[in-house]
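# Structural description and commentary
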Amino acid sequence: VARGAADATSVPSRPSCLPAASPDLPSTVDDLLIDVSVQPIDGAGGILCGGYGRDSWDIWVLRLTADGELDPSWGSGGVTWVDPGSGAAYLRDLRLDGDGRAVLAGSYPTIGQVLLARLDVAGGLDATFGGDGIVSHDLAADAMDTAEELRILPDGRLLVAGTIDRQLPTRDDLLLARLEDDGSL
């Protein structure tokens, strides 16, 4: 694990989490280190790493201890897989809310929708978010909506920024959406 200051100011944007060394993960996990977000999660210096896989196209999140080991108290042996069930899913951003829950933003490229998910503090899908922990929104008809950045507002609502690709040769449009704490628009 690449480490920097406790506030993650010097943690690289694409750290080498090296989860393939763990027997708790599938042997193809090295294919999954495609896009990684890092957040400091506790006073002990643990972090969350997230990404998506080229083989499964599901989103994964790892919780690592300050020593870089998988945290067995979180998810399933330190790992949570998010399978939205609607084809490929890409993770673009990972944030922690004020309650310590991980909020994930990305897209369903096969159906052109923004994808959001929230994990509870134990690493499971949070049923108070969209009913099953996963929400998707088709914000622009006949276009590819992609969430690229996520911010959690002081009141718990979510601000999502990204692009709307209308398959035009010259430009994408800006996507900006504010969602309620439960994932609804």
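## A look at the overall build of the protein chain
For the protein chain, the count of helices and strands is 0 helices and 11 strands. Going from the N terminus to the C terminus, the protein chain shows its helices and strands as β-β-β-β-β-β-β-β-β-β-β. In the protein chain, which comprises 185 residues, the proportion classed as buried is 44%. When the accessible area of the protein chain is evaluated, it comes to approximately 8,700 Å², of which 49% is carbon and sulfur surface.

## Observations regarding the pattern of salt bridges
Summed over the entire model, instances satisfying the criterion amount to 13 salt bridges. With a closest N to O distance of 3.8 Å, R95 and E149 form a salt bridge. One end of the pair, R95, is in strand β5 (residues 90-96); the other, E149, is in strand β9 (residues 144-152), and 54 residues separate them in sequence. What makes R95 partly exposed here is its relative accessible area of 22%. For D181, the salt bridge is made with R101, and the minimal N-O distance between the two is 3.6 Å. Taken together, the residues D181 in the segment after β11 (173-179) and R101 in the loop between β5 and β6 (102-108) connect sequence positions 80 residues apart. Its relative accessible area of 32% is what places D181 among the partly exposed residues. Exposure remark for R101: the relative accessible area of 14% places this residue in the buried category. Counted as one network, the salt bridges with shared partners bring together D97, D99, R101, R118, D126 and D181.

## Considerations on the sheet that holds β5
Strand order in the open sheet formed by 4 strands is β5-β6-β7-β8, with antiparallel pairing between adjacent strands. Single-partner strands in this sheet number two, and they are β5 and β8 (134-137). Neighbour-to-neighbour, the strand axes of the sheet open up by a mean angle of 20°, direction not taken into account. By the bridge criterion, 7 bridges tie β6 to strand β7 (residues 113-119) in an arrangement that is antiparallel. Note on β7: the bridge partner recorded for Y108 is Q113.

## What about the sheet that holds β11?
Spatial ordering of the open sheet is given by β9-β10-β11, a layout of 3 strands whose pairing is antiparallel. Since the sheet does not close on itself, it has two edges, and those belong to β9 and β11, each with one partner. Looking at each pair of strands side by side, their axes are set apart by 25° on average, direction ignored. Sheet analysis places strand β10 (residues 158-165) next to β11, joined by 7 bridges and oriented antiparallel. Counted as the bridge partner of I164 is D173 from β11.

## A look at the side chain of T146
By the secondary structure assignment, T146 is in strand β9. Overall, the relative accessible area of 9% leaves T146 in the buried class. The contacts of T146, once residues within four sequence positions are left out, are R92, G106, S107, V114, A161, G162, T163 and L175.

## Section: the side chain of S107
By secondary structure assignment, the location of S107 is in strand β6. When its relative accessible area of 1% is taken as the criterion, S107 is described as buried. Ignoring anything within four residues of it in the chain, the contact list for S107 reads A88, A89, Y90, Q113, V114, L115, D145 and T146.

## Regarding the pairing of strand β2 (residues 47-52)
Burial analysis of β2 places 6 of its 6 residues in the buried class, which makes it a mostly covered element. What you see with β2 is no split at all: I47, C49 and G51 on one side and L48, G50 and Y52 on the other are buried throughout. Pairing of β2 with strand β3 (residues 59-64), which is carried by 6 bridges, proceeds in the antiparallel orientation. Opposite C49, over in β3, you have L62 as the bridge partner.

Calculation criteria
Residues numbered from 1 in each chain as written. Predicted model: local features only at pLDDT ≥ 70, side-chain atom pairs only at ≥ 80, totals over all residues. Heavy atoms only, no water. Helix = DSSP H or I, 4+ residues; strand = E, 2+ residues; numbered from the N terminus. Buried < 20%, exposed > 50% of the residue type's maximum accessible area, 1.4 Å probe, protein only. Areas by Shrake-Rupley, 256 points an atom, 1.4 Å probe, with all protein chains shown as cover. Salt bridge = Lys/Arg side-chain N within 4 Å of Asp/Glu carboxyl O. Pairing = 2+ DSSP bridges. Axes fitted to C-alpha atoms, helices over the stretch in contact; angles between N-to-C directions. Contact = heavy atoms within 4.5 Å.

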